[in-house]
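What the coordinates show
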Amino acid sequence: MQIHYICRHCRSSLGRIEADKVTEVQLGLHFLTPSERQDIIAYNSKGEMVINITCRYCTEAIMVHPELSLLASPLQ
Ligand SMILES: [Zn+2]
C-alpha cells in the first residue's frame, strides 16, 4: 500500500511513500489525537492512505491571509 501526501488546500500532490517500509511512528502520526487523525488521515478510492497536510505555498498564503484556511475547507 502506498501513502500519498496531498495539500489539503490546493490538492497538489506532495509525494508518496511505500507504507510497507514505514511505521506510524516513522510517519510522525502516533502523537496525533483521534480527532486529528480523522482530520489528517483519509483513504482514497483504491484504499490507499492519504495524508492531508499543508504545502509550503499554502502555509505562506494562510499566514498572509488567515481567512483562506476557512475558504479552502472542503466542508464549506
Ligand atoms: Zn497547497
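Model, not experiment: these values are computed from the prediction. (Residues numbered from 1 in each chain as written. Predicted model: local features only at pLDDT ≥ 70, side-chain atom pairs only at ≥ 80, totals over all residues. Heavy atoms only, no water.)

**Quick word on the sheet that holds strand β4 (residues 49-53)**
The strand order across the open sheet built from four strands is β2-β1-β4-β3, with neighbouring strands paired in mixed fashion. Every interior strand has two partners, whereas the edge strands, β2 (13-18) and β3 (41-43), have only one. Geometrically, the sheet is characterised by an average inter-axis angle of 25° between neighbouring strands, direction not taken into account. Two elements, strand β1 (residues 2-7) and β2, share five bridges in a ladder whose sense is antiparallel. Its bridge partner being in β2, Ile6 is matched across the sheet by Ser13. (Pairing = 2+ DSSP bridges. Helix = DSSP H or I, 4+ residues; strand = E, 2+ residues; numbered from the N terminus. Axes fitted to C-alpha atoms, helices over the stretch in contact; angles between N-to-C directions.)

**Details of the coordination of the zinc ion**
Protein coordination at the zinc ion: the donors are Cys7 (SG), Cys10 (SG), Cys55 (SG) and Cys58 (SG), at 2.2 to 2.3 Å from the metal. For the zinc ion, the four donor atoms in the first shell make angles of 105 to 116° at the metal, a pattern classed as tetrahedral. Counting residues between consecutive donors of the zinc ion along the chain gives the motif C-x2-C-x44-C-x2-C. Within this pair, whereas Cys7 is found in strand β1, its partner Cys58 is found in helix α3 (residues 56-64), the two being separated by 51 residues in sequence. (Donors = N, O, S within 2.8 Å, 3.2 Å for Na, K, Ca; no water. Tetrahedral: all angles 85-135°; square planar, octahedral: opposite > 155°, others 65-115°.)

**What about the nonpolar core?**
Core analysis: the biggest nonpolar cluster contains 10 residues, these being Ile3, Tyr5, Ala19, Leu27, Leu29, Leu32, Ile40, Ile41, Met49 and Ile51. Secondary-structure elements contributing two or more residues to this core are β1 and β4. (Core = buried A, V, L, I, M, F, W, Y, C linked by side-chain atoms within 4.5 Å. Buried < 20%, exposed > 50% of the residue type's maximum accessible area, 1.4 Å probe, protein only.)

**Observations concerning unusual backbone geometry**
Even without glycine at this site, Arg11 takes up a positive phi of about 60°. For Arg11, the location among the structural elements is in the loop between β1 and β2.

**Observations regarding the pattern of salt bridges**
Enumeration over the complete set of coordinates arrives at one salt bridge. Of the charged contacts, one joins Asp39 and Arg8 as a salt bridge, the two residues approaching to 3.4 Å between their closest N and O atoms. With Asp39 in helix α2 (residues 34-40) and Arg8 in the loop between β1 and β2, this pair connects stretches of sequence that are 31 residues apart. Judged by its relative accessible area of 46%, Asp39 falls in the partly exposed class. (Salt bridge = Lys/Arg side-chain N within 4 Å of Asp/Glu carboxyl O.)

**Comments concerning the confidence of the model for the protein**
Per-residue confidence for the protein gives a mean pLDDT of 85; residues scoring 70 or more make up 91%. When the elements of the protein are averaged for pLDDT, helix α4 (residues 68-71) gives the smallest value, 68, and α3 the largest, 93. (pLDDT = per-residue confidence, 0-100.)

**Observations concerning the side chain of His4**
Its location among the elements puts His4 in strand β1. One polar contact links His4 to Glu48, side chain to side chain, over a distance of 2.9 Å. Other than its neighbours up to four places away in sequence, His4 contacts Gly15, Arg16, Asn44, Glu48, Met49, Val50 and Ile51. (Polar contact = N/O pair within 3.5 Å; in protein donor to acceptor, adjacent residues only side chain to side chain. Contact = heavy atoms within 4.5 Å.)

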